[in-house]
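An overview of the molecular structure
The chain contents come next:
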Amino acid sequence: MTGFVAVHSGAGNFIDETLYQNVCKEACAQSVSVLSAGGSALDACERAIVVLENSTATNAGIGSNLNWNREVECDACIMDGASLQFGACSSVTDVKNPISLARHLCERQSKLLSFGRIPPMVLAGPGASAYAREIGLPMVPPEHMISVSAAKKYDYYRAQIDQYEERNREKMSPLDTVGAVCVDAEGSIVAGCSSGGLMLKLSGRVGQAATYGAGCWAMVNETTSMSAASCTTGNGEYLMKTLFAKELVDDLIGCNCPITSQHLTYKQKLLESPFLSKMDTILAGSLSLIYNTASGDGDLLWAHTTNSMCIGYMSTKQKKPKFVISKLPQHVTNGTKPVINGHHFKLM
């Protein structure tokens, strides 16, 4: 099985990108190994995000930011573009890899429960944990999800709450969600994301990483032989208000130029959105794929309005994963304009 995978470790201000280089490369390598062994794009996307969740350098899974009550509450979602099924979980405290729970809920959509009940698309809190335990996912005590680094950051910023918002905007890293997009040569395409959310968030807050249309989106257009997917990161509330992941894919899948499409989506659907008209600074990032099954040509696109964003990508034809740190030009004010770049690949 041939395919392509890309990951990101969140959009923010990465002062030391070496913290994320290794984990991004490892996520790509393990995901590609899944594809090479005959695994599906869904398998490969889940595996990439599991690696990101297991790193204490990222704000997902173990090591996530702590909420106001000094607890980890994780969100995750995944979408299969071929089936258009979506699964998500929110506010989970003891599921080691929330993306695996989201993936199970995504696949479970195709089969009714007993007595003809519709299976859940999103589960949250204790109910999500109980279900994860029932299906045999790895569980850990909630305190094991708290890393030393996350605890130290919490204690520091909790003591300086009046200055927290500005410090978070300019200095803290990472800002938000990790994510992955994956496509195989047949055009099966998947996007997913996972997040611990913003530090000091209110307990029970649901972010874009568990929200339909906002955290990730994937679809296959069999008529045009095009597949597209996107995962987002940044200010979750803004991404939810604009259904930004879905907007990125909807605009991308029928476009003539992927780079131009991304520019227009950021400008018209996010930065100039009527839902965000009172916001001067909008911090966001995305990782997108578009692939043509007829020609085997694909494009990876990354974009962000934050100071920087770390990306890794790899195809089954590559020997080693590639790592990129994308930075906002010095003359651009943080949160006001996107920087957009890409990489062309071929699978056939």
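The sections below set out a description of the structure shown in this document.

**Remarks on the pairing of strand 6 (residues 189-195)**
As a general feature of sheets, a regular strand has side chains that alternate between the two faces. Within strand 6, seven of the seven residues are buried, which leaves the element mostly enclosed by the surrounding structure. With burial as the criterion, each face of strand 6 is covered, one bearing I189, A191, C193 and S195 and the other bearing V190, G192 and S194. Where strand 2 (residues 74-80) meets strand 6, six bridges bridge the pair, whose relative direction is antiparallel. Residue A76 lies in a different strand from strand 6, and its bridge partner there is S194. Here strand 5 (residues 178-184) pairs with strand 6 via six bridges, running antiparallel. What sits directly across from C182, in strand 6, is V190.

**Let's talk about helix 9 (residues 258-271)**
Between its first and last C-alpha, helix 9 extends 18 Å over 14 residues, near the 20 Å set by a 1.5 Å rise per residue. All buried positions along helix 9 are accounted for by P258, S261, Q262, T265, Y266 and L270. Elements that come into contact with the buried residues of helix 9 comprise helix 7 (236-241), helix 8 (244-253), strand 9 (284-292), strand 10 (297-304) and strand 13 (339-346).

**Concerning the nonpolar core**
If you look at the biggest cluster of nonpolar residues, it comprises 52 residues, and the most contacted ones within it are V7, C45, I78, V92, I99, L101 and C182. The element that contributes the greatest number of residues to this core is helix 2 (residues 41-53), accounting for nine residues. By size, the runner-up hydrophobic cluster in this structure holds 40 residues, among which are A11, M309, I311 and L347.

**Overview of unusual backbone geometry**
Although it is not a glycine, F115 sits at a positive phi angle of roughly 60°. Its place among the elements puts F115 in the loop between helix 3 (98-108) and strand 4 (122-124). One non-glycine residue with positive phi stands out, namely S225, at about 65°. In this structure, S225 sits in the loop between strand 7 (216-221) and strand 8 (226-234).

Calculation criteria
Residues numbered from 1 in each chain as written. Predicted model: local features only at pLDDT ≥ 70, side-chain atom pairs only at ≥ 80, totals over all residues. Heavy atoms only, no water. Buried < 20%, exposed > 50% of the residue type's maximum accessible area, 1.4 Å probe, protein only. Helix = DSSP H or I, 4+ residues; strand = E, 2+ residues; numbered from the N terminus. Pairing = 2+ DSSP bridges. Expected span 1.5 Å × (residues − 1). Contact = heavy atoms within 4.5 Å. Core = buried A, V, L, I, M, F, W, Y, C linked by side-chain atoms within 4.5 Å.

This is a description of form; function is not addressed.
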